[in-house]
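# Notes for the structure review
Listed below are the residues making up each chain.
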Amino acid sequence: MELLNVNALKKYFPVKKGFSGEQLWLKAVDGIDFSIEEDKVFALVGESGCGKSTVARLVLKLTTPTSGKIVFAGKDISELKGDSLKTFRRSVQIVFQDPFASLNPRKTVFDTLSEPLKIHRLIKKKNIKEACIGLLKKVGLDPDVIRRYPHEFSGGQRQRICIARALAVNPKLIVADEPLSALDVSIQAQILNLLQDLRKETKITFLFISHDLKVVHYFSDTVGVMYLGKIVECAKTDDLFHKPLHPYTTILLAAAPKIKIRGSELEVKSGDVKLKTQNSKLKTVSGDVPSPIHVPPGCPFHPRCPKRFEPCDKIVPLLKQTLDPEAKGRLVSCHLWNPY
Amino acid sequence: MPTFLSHQEAERRIEKIIAEVWKRNIKIMDNHTLTYLVWRRLRRNRLAMAGGVVVVLLFLIALLAPLISPYNPNDIDRKHILEPPGLKHPLGTDDLGRDVLSRMIWGGRISLAVGFMAVGISSVIGMFLGSISGYYGGWLDRVIMRFIDIMLSIPTFFLILAVIAFIGPGIWNIMAVIGLTSWMGVSRLVRAEFLSLKEREFVLAAKAVGAGDRRIIFNHIMINSMAPVIVSAVLGVAGAVILESALSFLGIGILPPTASWGNILTLGKDNIEIAWWLSVFPGLAILVTVMGYNLLGEGLRDALDPRLWDVEI
């Protein structure tokens, strides 16, 4: 069943006026559509600054969209107020990228974890401490840390506390906004395993935002590739990694250091890595991401695209199912696959 | 010549050091609250500690005034007017034969009371207006900021003079007027803190968890923006003490016979050629008080600045 549906979502931020005096807009999210099935993991990948985090904030109703619709469990979230908003807050939670900024420095772990329980009156007062200890155990922390302050913890431990806070309300959907990218690699693996375990135990749906392709490959069911506020390709994880369609996806995959995944074990092939890195040197994307204030006309990727041809700088491609027999039915927004 | 330790001896020493480090580590970790970090930094700052000692002493004197003042501050003794400092009257007597030391002790009480009440009023107003202005933004913010600009554009001292001329002097009026005209700085500081803190992830997380505006403002942002408020409050006490003295000196603050450093100074001015002690001692008292609060305030500013924290364990 569909849990979250995002339809033509846009978020523009007003920026300084140009020389001629007209209002300029930073198009952080420029018309994206996707939906997440219950109990599945949808990953959004893309370079930094492509609008991934804005999507996270929009889905959580922390900012209001410029236009478009977000439907959660059958309800348009822009219409939520009072009790229905409270229910929504209880069903959707977020884990942020920076575990150092996402915990209140003046609150103990107990304060942080008990707050959602108190706000939603989920359990009786005398049981709150027990519940907090239960949450700590769930994320693999010692119950003794309950009286400590955030600055006494390492990044990985803080991220566990953040996850515990998100779990406190028994949410249906957790938006994980690059939860691993501020952590050491060894800690990343631990947190990723923790998320994987939670997924198996609790049937929580995830919107997983990341720029780390190997993590996405390991963790997600469906992937949306974002570029300059748009989703350029959306596919089942295996399909996408096996046969990327959009040139941007191809380049993104080639640019990432290769680690092959067999089953659930991470396995590095040393010979492979050498070969692939040599390849990727040739294949990295040339140039920088264009400014989201002055989005290139036509396909936003065309100035950097190695396969651009005549219509690319004139006609904006739409995200739709390709008719190409090689990849029938897959969603991609590229003139190569969708005849214009 | 260096002495070489035997292998066993060296190992024993290393073990001892490790044990010691381990012990201290745990001790420090247990006390590792932010208050403790601030206190540790403040303790190292000698000037601030000197200021702190002055502040504490003034507090004690004010609290214990009835016990430690040698005379009743309002007892008139016509046989001993304008007596220089001596054994009987350590700081001399004034033109009505009242003991200057006693009057100074009671005057200190008044000064501190006015200072703290005024700062209390200005902090509460400043924090309230600053927080809603920074948190909600928009037209509310613009209105409040313009109001602050208007308040700041009026010279405070003359405003106070004008208001006192209307409502009349007296300790309560002085407190209220000083408090109501000195909240603008706090308000701007709090607003700035709110502007930067409201976008921080822990605030967004609280919002996502379902916390309401009131909870977020008071429970999450306010407690993280207390540092500049505390500093400006401590510095504000010094300012309020000076203002109160100035008003009393001009005869529109604390009215005689109630003692205050300012109105003792007025007597000193009238008798400056024959009774230096009436000017020097209250002047010194004001100087020391203001210096004490300023040093403590500056020290707190440094101690509370997280950029200067060394969180070594």
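Computed from a predicted model, the values in this text were never measured in an experiment.

A tally of helices and strands in chain A yields ten helices and 14 strands. For chain A, the C-alpha radius of gyration of 21 Å lies close to 20 Å, the compact-globule estimate for 340 residues. Projecting the C-alpha coordinates of chain A onto the three principal axes gives extents of approximately 70 × 55 × 40 Å. Here chain A, with 340 residues, has 40% of them falling under the buried criterion. A separation threshold of at least 6 residues defines the contact pool for chain A, and within that pool the share at least 24 residues apart is 65%.

This paragraph deals with the overall build of chain B. Helices and strands together make up the secondary structure of chain B, namely 14 helices and zero strands. The proportion of buried residues among the 313 residues of chain B is 38%. Taking the contacts inside chain B whose residues are at least 6 apart along the sequence as the reference set, 70% of them involve residues at least 24 apart.

Further remarks concern the nonpolar core. Ile94(A), Ala164(A), Val175(A), Leu207(A), Phe208(A) and Val225(A) are the most contacted members of the largest nonpolar core, which totals 104 residues. Aside from chain neighbours lying at most four places away, what touches Val225(A) is Val45(A), Gly46(A), Ile231(A), Val232(A), Glu233(A), His246(A), Tyr248(A), Thr249(A) and Leu252(A). Grouped together as the second largest cluster of nonpolar side chains are 48 residues, Leu112(B), Val114(B), Leu243(B) and Ile254(B) included.

Residue Pro257(B) is bonded to the preceding Pro256(B) through a cis peptide linkage, with omega at 10°. Its place among the elements puts Pro257(B) in the loop between α12 (226–249) and α13 (261–270). Residues other than glycine seldom take positive phi values, yet Ala8(A) does so here, at roughly 50°. Locating Ala8(A) in the fold gives a position in strand β1 (residues 2–15). Look at Ala8(A) and you get exposed, because 12 C-beta atoms sit within 10 Å. Positive phi is not limited to glycine here, since Asn170(A) has a value of about 55°. The residue Asn170(A) is located in the loop between α5 (155–167) and β7 (173–177) in this model.

Before going further, it helps to examine the interface of chain B and chain A. It is common to report an interface's size as the accessible area lost on association of the parts. Taken together, the contact between chain B and chain A spans 18 residues of the former and 24 residues of the latter. Broken down by element, the residue count for the side of chain B that touches chain A peaks at seven residues, all from helix α10 (residues 201–209) of chain B. Looking at the side of chain B that touches chain A residue by residue, the class counts come to ten nonpolar, five polar and three charged.

All names here are of chain B. Taken as a whole, chain B shows an average pLDDT of 85; of its residues, 89% reach a score of 70 or greater. Per-residue pLDDT, averaged within each element of chain B, yields its smallest value for helix α1 (residues 7–30) (62) and its largest for helix α6 (residues 138–153) (94). For the stretch residues 26–31, pLDDT sits under 50, and the model shows four contacts to residues farther than four places along the chain or on other chains. Complex prediction metrics read pTM 0.80 and ipTM 0.83.

Moving on to the pairing of strand β4 (residues 67–72) of chain A. All names here are of chain A. Summarising the sheet, β1 and β4 pair through five bridges and their orientation is antiparallel. In the strand pairing of β4, Lys 10 is matched with Ser 67. Here two bridges tie β4 to strand β5 (residues 75–76), and the two strands are oriented antiparallel to one another. Across the sheet, Val 71 pairs through a bridge with Asp 76, a residue of β5.

Bringing the pairing of strand β3 (residues 41–45) of chain A into the picture now. Residues and elements named next belong to chain A. In terms of burial, β3 is a largely internal element, five of the five residues being buried. Residues Val 41, Ala 43 and Val 45 of β3 are buried on one face, and the alternating residues Phe 42 and Leu 44, pointing to the opposite face, are buried as well. Bridging between β3 and strand β8 (residues 205–210) involves five bridges; their strand directions are parallel. Bridging across to β8, Val 41 finds its partner in Phe 206. Bridge count between β3 and strand β9 (residues 222–227): four bridges; the pairing is parallel. Bridge pairing in β9 places Val 45 opposite Val 225.

This brings us to the sheet that holds strand β6 (residues 92–95) of chain A. All names here are of chain A. The mixed open sheet is built from eight strands, whose spatial order is β6-β7-β8-β3-β9-β10-β14-β13. On the outer flanks of this sheet lie β6 and β13 (320–321), each paired with one strand and no other. Here β6 runs beside β7; their pairing, made up of four bridges, is parallel. When the sheet's bridge partners are listed, Ile 94 is paired in β7 with Val 175.

Another aspect to go through is the sheet that holds β1(A). Read from one edge of the open sheet, four strands run β2-β1-β4-β5 (chain A), paired in antiparallel fashion. In this open sheet, the two edge strands, each paired with only one partner strand, are β2 (24–37) and β5 of chain A.

Before going further, it helps to examine the packing of helix α3 (residues 109–119) of chain A against helix α4 (residues 128–138) of chain A. Residues and elements named next belong to chain A. Contact geometry for α3 and α4: axes closest at 10 Å, N-to-C directions at 110°. Considered as vectors, α3 and α4 are oriented roughly perpendicular to each other. Seen from above, α3 lies across α4 with right-handed handedness. Counting all contacts with α3, which are made through Phe 110, Leu 113, Ser 114 and Leu 117, the residues of α4 involved are Ile 128, Ala 131, Cys 132 and Leu 135.

Criteria and cut-off values
- Residues numbered from 1 in each chain as written.
- Chains lettered and ligands numbered in written order.
- Predicted model: local features only at pLDDT ≥ 70, side-chain atom pairs only at ≥ 80, totals over all residues.
- Helix = DSSP H or I, 4+ residues; strand = E, 2+ residues; numbered from the N terminus.
- Rg over C-alpha atoms; globule rule 2.2 N^0.38 Å.
- Buried ≥ 20, exposed ≤ 12 C-beta atoms within 10 Å, placed from the backbone.
- Contact = placed C-beta atoms within 7 Å.
- Core = buried A, V, L, I, M, F, W, Y, C linked by C-beta atoms within 7 Å.
- Nonpolar A, V, L, I, M, F, W, Y, C, P; charged D, E, K, R; others polar.
- pLDDT = per-residue confidence, 0-100.
- Pairing = 2+ DSSP bridges.
- Axes fitted to C-alpha atoms, helices over the stretch in contact; angles between N-to-C directions.
- Parallel < 35°, antiparallel > 145°, perpendicular 65-115°, else oblique.
- Left-handed = near helix turned anticlockwise from the far one by under 90°.

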